[in-house]
Amino acid sequence: QVQLVESGGGVVQAGGSLRLSCAVSGRTPYAIGWSRQAPGKAREFVAGIVWNEGSTSYSDSVRGRFTISKDNAKNMVYLQMNSLKPEDTAVYYCAAKIGGLMIGVPRSYDYWGQGTQVTVSP
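Described in the following lines is the structure provided in the data block. (Residues numbered from 1 in each chain as written. Predicted model: local features only at pLDDT ≥ 70, side-chain atom pairs only at ≥ 80, totals over all residues. Heavy atoms only, no water.)

**What to know about the layout of surface pockets**
When its volume is computed, the largest pocket comes out at roughly 160 Å³. The wall of the largest pocket is formed by 14 residues, among which Arg36, Lys41, Glu44, Glu87 and Asp88 lie closest to the centre. Tallied by class, the residues present in the lining of the largest pocket amount to four nonpolar, three polar and seven charged. (1 Å grid on protein atoms, 1.4 Å probe; cavity = no way out; pocket = protein on both sides within 12 Å on 5 of 7 lines; lining within 4 Å. Points joined across faces, edges and corners; volume = space filled by probe spheres on them. Nonpolar A, V, L, I, M, F, W, Y, C, P; charged D, E, K, R; others polar.)

In structure tokens:
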């Protein structure tokens, strides 16, 4: 089992920044990913990081604006979001996967946090 608790969401103006945090506990995952879901839309992969080696991946929509990082000593994963746009508005979820395939596919993740709302105003 892996437990995940997100924090750091909120309301920000377009062009602003937010940092999301994910506290990870339980067994060591292969990777942690951030996904988001806007109303009426499918859940979308945003970014992922391999726990032990630190390699990262990003969706095209956020590459260059968002940065995923981790602090293994604190069992924390962060998502730094810069140059936010109204289309980034969504509930953001932290998720853990045990297997090593399909990091960019939300349905491949095994454990999910409760989500945190991010709202970007025009």
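And the narrative resumes.
**A look at the state of the cysteines**
Disulfide: a covalent bond connecting the sulfur atoms of a pair of cysteines. Counted by the stated rule, this structure contains one disulfide. Shown here is the disulfide that connects Cys22 with Cys94, its sulfur atoms set 2.0 Å apart. Of note, the bridge from Cys22 to Cys94 carries an S-S torsion of about -75° and is left-handed in sense. A residue pair is termed long-range when its members are at least 10 positions apart, and Cys22 in strand 3 (residues 18-26) and Cys94 in strand 9 (residues 90-97) qualify at 72 residues. With a relative accessible area of 0%, Cys94 lands in the buried category. (Disulfide = S-S within 2.5 Å. Helix = DSSP H or I, 4+ residues; strand = E, 2+ residues; numbered from the N terminus. Buried < 20%, exposed > 50% of the residue type's maximum accessible area, 1.4 Å probe, protein only.)

**So, the environment of Tyr109**
Mapped onto the secondary structure, Tyr109 falls in the loop between strand 9 and strand 10 (111-112). Spatially, the C-alpha atoms of Tyr109 and Thr28 are 14 Å apart, while their sequence positions differ by 81 residues.

**Things to note about the packing of aromatic side chains**
The description of an aromatic ring pair rests on the distance of the ring centres and on the angle between the ring planes. Per the stated rule, a full pass over the model turns up two aromatic pairs. Centre to centre, the rings of Tyr93 and Trp112 are 6.1 Å apart; their planes meet at 80°, and the pair counts as edge-to-face. You can see Tyr93 sitting in strand 9 and its partner Trp112 sitting in strand 10, a full 19 residues away along the chain. Residue class for Tyr93 comes out buried when judged on its relative accessible area of 15%. A connected cluster of aromatic rings, assembled from ring pairs, spans Tyr93, Tyr109 and Trp112. Cation over ring: Arg43 sits above Tyr93, and NZ or CZ is 3.9 Å from the ring centre. (Phe/Tyr/Trp six-rings, centres within 6.5 Å; stacked < 30°, edge-to-face > 60°. Lys NZ or Arg CZ within 6 Å of the ring centre and 35° of its normal.)

**Quick notes on the pairing of strand 4 (residues 31-37)**
For strand 4, the tally of buried residues reaches six of seven residues, placing the bulk of the element in the interior. Sheet topology places strand 4 next to strand 5 (residues 44-50); six bridges connect them, and they run antiparallel. Following the sheet pairing, Gly33 is matched in strand 5 by Gly48. Counting the residues in the hairpin turn of strand 4 and strand 5 gives six residues, including Gly40, whose phi is positive at 80°. Bridge analysis of strand 4 against strand 9 gives seven bridges, and the strand direction is antiparallel. In the sheet register, Ser35 faces strand 9, and the bridge partner there is Tyr93. (Pairing = 2+ DSSP bridges.)

**Considerations on the nonpolar core**
Core analysis: the largest hydrophobic core is formed by 29 residues, its most contacted members being Leu4, Ile32, Trp34, Val77, Leu79, Met81 and Tyr92. Listing elements by their share of this core, those giving two or more residues are strand 1 (2-7), strand 3, strand 4, strand 5, strand 7 (66-71), strand 8 (76-81), strand 9 and strand 11 (116-121). Ala31, Phe45, Val50 and Ile103 belong to the second-largest nonpolar core, a separate cluster that totals six residues. (Core = buried A, V, L, I, M, F, W, Y, C linked by side-chain atoms within 4.5 Å.)

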